[in-house]
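# Analysis of the macromolecular model
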Amino acid sequence: MVDSQYYLPNDIGVSALDCREAFRLLSPQEKMYAHYLSRAAWYGGLAVLLQTSPESANIFVLLQRIFRMQTPAQLEQVATAAGLSAEEYQAFLVYAAGLYANMGNYKSFGDTKFIPNLPKDSLFALVKASKAFQEHPAEVEALWDSCSYLLYSLEDRQKQLGLGHKGITTYFSGNCSLEDAELAQKFLDSKKLSAYNTRLFKRQNGGKACYEVRLASAVQKDCAVDGECESCCGSFNFEDKEFTVKRGDYAPLMEKVSYCLQQAQAYAANENQRKMLEEYRRSFTLGSVEAHKEGSRYWIKDKGPIVESYIGFIESYRDPFGSRGEFEGFVAVVNKAMSERFAKLVSSAEVLLPELPWPREFEKDTFLKPDFTSLDVLTFAGSGIPAGINIPNYDDIRQSEGFKNVSLGNVLAVAYATQKEKLTFLEEEDKDLFIKWKGPSFEVQVGLHELLGHGSGKLFVQDDKGNFNFDKSKVTNPETGEPVSSWYRGSETWDSKFSTIASSYEECRAECVGLYLCLNKQVISIFGHEDQDAGDVVYVNWLSMVRAGLLGLEFYTPESKSWRQAHMQARFVILRVLLEAGEGLVGLEEVTGHDGKPDARITLDRSKIHTVGKNAIHRFLCKLQILKSTADVEGGRALYDDYSTVSDSGAHNFLRLQETVLLRKEARKMFVQANTKVNGDSIELVEYEGSAAGLIHSFTERFQDDAEQLEDQLLEMSKRDAICWC
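Predicted, not measured: the structure shown is a model, and the values here were computed from it.

Each value, and the rule that gives it
Residues numbered from 1 in each chain as written. Predicted model: local features only at pLDDT ≥ 70, side-chain atom pairs only at ≥ 80, totals over all residues. Heavy atoms only, no water. Helix = DSSP H or I, 4+ residues; strand = E, 2+ residues; numbered from the N terminus. Rg over C-alpha atoms; globule rule 2.2 N^0.38 Å. Buried < 20%, exposed > 50% of the residue type's maximum accessible area, 1.4 Å probe, protein only. Lys, Arg positive; Asp, Glu negative; His and termini not counted. Charge placed at Lys NZ, Arg CZ, Asp CG, Glu CD. Pairing = 2+ DSSP bridges. Phe/Tyr/Trp six-rings, centres within 6.5 Å; stacked < 30°, edge-to-face > 60°. Lys NZ or Arg CZ within 6 Å of the ring centre and 35° of its normal. Core = buried A, V, L, I, M, F, W, Y, C linked by side-chain atoms within 4.5 Å. Contact = heavy atoms within 4.5 Å. Axes fitted to C-alpha atoms, helices over the stretch in contact; angles between N-to-C directions. Parallel < 35°, antiparallel > 145°, perpendicular 65-115°, else oblique. Left-handed = near helix turned anticlockwise from the far one by under 90°. Nonpolar A, V, L, I, M, F, W, Y, C, P; charged D, E, K, R; others polar. Salt bridge = Lys/Arg side-chain N within 4 Å of Asp/Glu carboxyl O. Expected span 1.5 Å × (residues − 1). Disulfide = S-S within 2.5 Å.

## Side note on the overall build of the chain
- Regarding its fold elements, the chain presents 26 helices and 19 strands.
- Against the globule reference of 27 Å for 726 residues, the chain gives a C-alpha radius of gyration of 25 Å, in line with a compact fold.
- Each principal axis of the C-alpha atoms in the chain carries an extent, and together these give about 70 × 70 × 60 Å.
- Within the span of the chain, comprising 726 residues, buried residues form 61% of the whole.
- The positive charge centre, built from 81 side chains, and the negative charge centre, built from 103, are 2 Å apart in the chain.

Here is the structure:
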């Protein structure tokens, strides 16, 4: 693998997320509400350090100790005196900013490790010359010793996240395999427990495997406590193995989250928000996903709030098994003008859904009109910031009670801006058009992807009482013409059933819906595009997708034949589908670049999008939905794995193209977020410059009230489990 993919380049893009105007327009009460929700999100987001790698929390604390005592500007003089070049010091700042932005030393988008792009001796010299080391030498040296080896190590297993020999994970102890993950899922299903807020630790007891399922909670007692009828904790025998369910994972952080949510309750705008926060508090206090689901129900009912938020163990992309959630929390302010467009899209949804290529029986019985708003992010704590979100992820709630969609406007505004000279793999004549319409076309794609992609399609379920949510005697599988013969049973969910492919498969389905429905003139018109402009938006949306499919190869690991990023795998699958459609729709060729190095060109025949392209997506999208609806894991896995295959045989040598993509890749941007702080009776917004130094500064000021206590707690939690990763 090319070494440069394990460094963040010194010229990496860093942008400040602008929310000044949105925040200014909030009332004093709304500002207080947003402040305490943000505090809850930031504290909870620190759990991601412990969810990412054994060393992440220790590296974070080391950086905090250094930068709390000296700003990046002050430390620069120290670095020069210690013999570091300007480039080496910048590389250190970029590494630190990267660790903060990803909440760990693995990229949130792609799951590869990144290490400092300066010699280890130089970095240690800087650490020793720092004021933090001068004042607390034994403490800081111990911190360095605890993480310096893993800070730089690029042994094969440590290059990426994964389970067993495939990579590093802290969702499972180091001795767990895929078989252990599957057994644990069966156990959790039997107890009607969700995996979302759990981790799994395996140990041997007298030659017998024993498993500890640990729930994230402030409470560390395993007996029933106030507010509980009975505890879900205890020891159980399952398939001749011992399982123990315990509480208290990330306990100090969950306690802080619960406290801040309690503070926010006093400033809630309505009863739904108050009840929502009460249930979230119960969830993080007791380790109850059921309470979080209840909170999510109130959240869905809280239509059109000025301050929007969500918090919890949400997305399962980074669990190698695909069912444990990474902590995230966001707080954002509604952008009213942009939200009006999304509201029109929601109003048109019932007309657009029947356009999708599956039979009516495979669609939800009723379309529960969701909130769909454009938001300016004030706070997004976790490992990364998406462009759009469709939540909650609980299948039963989405299917029968509803969901919400959000598009993050101020993220879109800066994340996808690009310079012409950095635009890879396109023909020169496509580049200006691409730059002009990339933003508007992505806005359309995000809207369709979230609302009608993730928001469409029905899961066939037989509940615990034997009742079906579809007419078994009448519904036939359009792919086979036979009656539907498989479905979800009891507590089975999409994630638990499709596990390792669930995330990427679902992203692929949603992306296909976006491609398919953007061909509808009414949709493009809702977003304000007509005539030639409408055609350009569609063309650039499809061109973006096939280019993204090629760029996706950056996130494939040939050695383990595994994908490290759900969305990029999905886009590669779509590229394969459209190449397979033939008739000159998509062209992909290997060429030599102006610099004499390998390059590639991807083209799209605009005149064939509405015919060849539409037909190909129609067929593929229908297959994806039928296999999903009917819980056909075997068929779904066979189809998806086939299109996900990266090989050197066939019409295109994708393994060689992968090397070209790595050679010409551009690092993903990092975002600097503002802080809020109480100033008398009001809340003040504190902004920072869009640079690595600005990002670092934002984090050192983020936890200044209780920094030492917080850092000690992180080190204690990290140390407690250190033995489990060997």
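The rest of the description comes next.
## Quick word on the pairing of strand E16 (residues 598-604)
- Counting buried positions along E16 yields five of seven residues, so the element is predominantly enclosed.
- Here seven bridges tie strand E15 (residues 586-592) to E16, and the two strands are oriented antiparallel to one another. Within E16, the position partnered with threonine 592 by the bridge is proline 598.
- The hairpin turn running from E15 into E16, its antiparallel successor, is five residues long, and glycine 596 in that turn takes a positive phi close to 80°.

## Thoughts on the packing of aromatic side chains
- Under the counting rule described, the total for this entry stands at 39 aromatic pairs.
- With 5.0 Å between their ring centres and 15° between their planes, phenylalanine 124 and tryptophan 144 make a pair best called stacked. Pair noted here: phenylalanine 124 is in helix H7 (residues 120-129) and tryptophan 144 is in helix H9 (residues 137-152), with a separation of 20 residues, a long-range link. Here phenylalanine 124 matches tryptophan 144 in class, with each residue buried.
- Cluster of aromatic residues (ring-pair linked, three or more members): Phe187, Tyr211, Phe236, Phe238 and Phe243.
- Sitting over the face of the ring of tyrosine 516, lysine 614 holds its NZ or CZ atom 5.6 Å from the ring centroid.

## Some remarks on the nonpolar core
- Core analysis: the biggest nonpolar cluster contains 119 residues, and Phe60, Phe92 and Leu253 have the highest contact counts within it.
- It is helix H6 (residues 86-102) that provides the largest number of residues to this core, a total of ten residues.
- Apart from the residues lying within four places of it in its own chain, the contact partners of leucine 253 are Tyr43, Leu46, Ala47, Leu50, Leu710, Leu714 and Met717.
- By size, the runner-up hydrophobic cluster in this structure holds 93 residues, among which are Met338, Val537, Tyr556 and Tyr640.

## As for the sheet that holds strand E2 (residues 198-205)
- Overall, mixed pairing links the four strands, which are arranged E2-E3-E5-E4 in an open sheet. The open sheet has two edge strands, E2 and strand E4 (234-238), and neither has a second partner. Between one strand axis and the next, the sheet turns by 25° as a mean value, whatever way the strands run.
- In this structure, E4 lies alongside strand E5 (residues 241-249), joined through five bridges in antiparallel fashion. Its bridge partner lying in E5, asparagine 237 is registered against glutamate 242.

## Quick word on the packing of helix H20 (residues 531-551) against helix H21 (residues 566-580)
- Two numbers describe how H20 lies on H21: the axes approach to 7 Å, and their chain directions differ by 110°. Taken as axis vectors, H20 and H21 run roughly perpendicular relative to one another. At the point where H20 passes H21, the crossing takes the left-handed sense. Between H20 and H21, the residues in contact are Trp542, Met545, Val546, Ala548, Gly549, Leu550 and Leu551 and Met568, Arg571, Phe572, Ile574, Leu575 and Leu578, respectively.
- Taken together, the residues of the contact of H20 with H21 break down into eleven nonpolar, one polar and one charged.

## What about the sheet that holds strand E8 (residues 371-381)?
- Read from one edge of the open sheet, five strands run E6-E7-E8-E10-E9, paired in mixed fashion. The open sheet has two edge strands, strand E6 (307-315) and strand E9 (388-391), and neither has a second partner. Neighbouring strand axes in the sheet, compared pairwise and without regard to direction, differ in orientation by 35° on average.
- Sitting on the sheet, helix H2 (residues 28-45) is in contact with E6, strand E7 (326-334) and E8, with an inclination near 60° to E8.
- The sheet contacts of helix H17 (residues 428-453) involve E8, E9 and strand E10 (404-408), and relative to E9 the element is tilted by about 10°.

## So, the pattern of salt bridges
- Tallied over the full model, the rule gives 43 salt bridges.
- Across the pair arginine 65 and aspartate 712 runs a salt bridge whose closest N-O atoms are separated by 3.1 Å. Pair noted here: arginine 65 is in helix H4 (residues 56-69) and aspartate 712 is in helix H26 (residues 707-721), with a separation of 647 residues, a long-range link.
- Two residues, glutamate 666 and lysine 422, come together in a salt bridge whose shortest N-O distance is 4.0 Å. Pair noted here: glutamate 666 is in the loop between helix H24 (654-663) and strand E17 (670-672) and lysine 422 is in the loop between helix H16 (409-415) and H17, with a separation of 244 residues, a long-range link.
- Several salt bridges converge on common partners, so that one network encompasses Arg199, Glu212, Arg214, Asp249, Arg720 and Asp721.

## Points about H6
- Between its first and last C-alpha, H6 extends 24 Å over 17 residues, near the 24 Å set by a 1.5 Å rise per residue.
- Counting buried positions along H6 yields 13 of 17 residues, so the element is predominantly enclosed.
- Positive backbone phi, approximately 50°, marks methionine 103, located one or two places after H6.

## Quick look at the packing of helix H18 (residues 494-517) against H21
- Contact geometry of H18 with H21 gives a least axis separation of 8 Å together with a crossing angle of 55°. Taken together, the axis directions place H18 and H21 in an arrangement best described as oblique. For the crossing formed where H18 meets H21, the hand is right-handed. Contact residues: Ser503, Ser504, Glu507, Cys508, Glu511, Cys512 and Leu515 in H18; Ala566, His567, Gln569, Ala570, Arg571, Val573 and Ile574 in H21.
- Across the contact of H18 with H21, the residue classes tally to seven nonpolar, four polar and three charged.

## A look at the state of the cysteines
- In this structure the tally under the stated criterion is zero disulfides.
- Free cysteine: cysteine 176, not disulfide-bonded; nearest cysteine sulfur from cysteine 724 at 9.5 Å.

## Quick word on the environment of lysine 628
- With respect to the helices, strands and loops of the structure, lysine 628 is situated in helix H22 (residues 609-629).
- Lysine 628 gets classed as buried once you look at its relative accessible area, which sits at 10%.
- Between the C-alpha atoms of lysine 628 and cysteine 512, which are 116 residues apart in sequence, the distance is 14 Å.

## Quick notes on H7
- Among the residues of H7, those classed as buried are Ser122, Leu123, Phe124, Leu126 and Val127.
- In this fold, the buried residues of H7 make contact with H4, helix H5 (72-81), H6, helix H8 (131-135) and H9.

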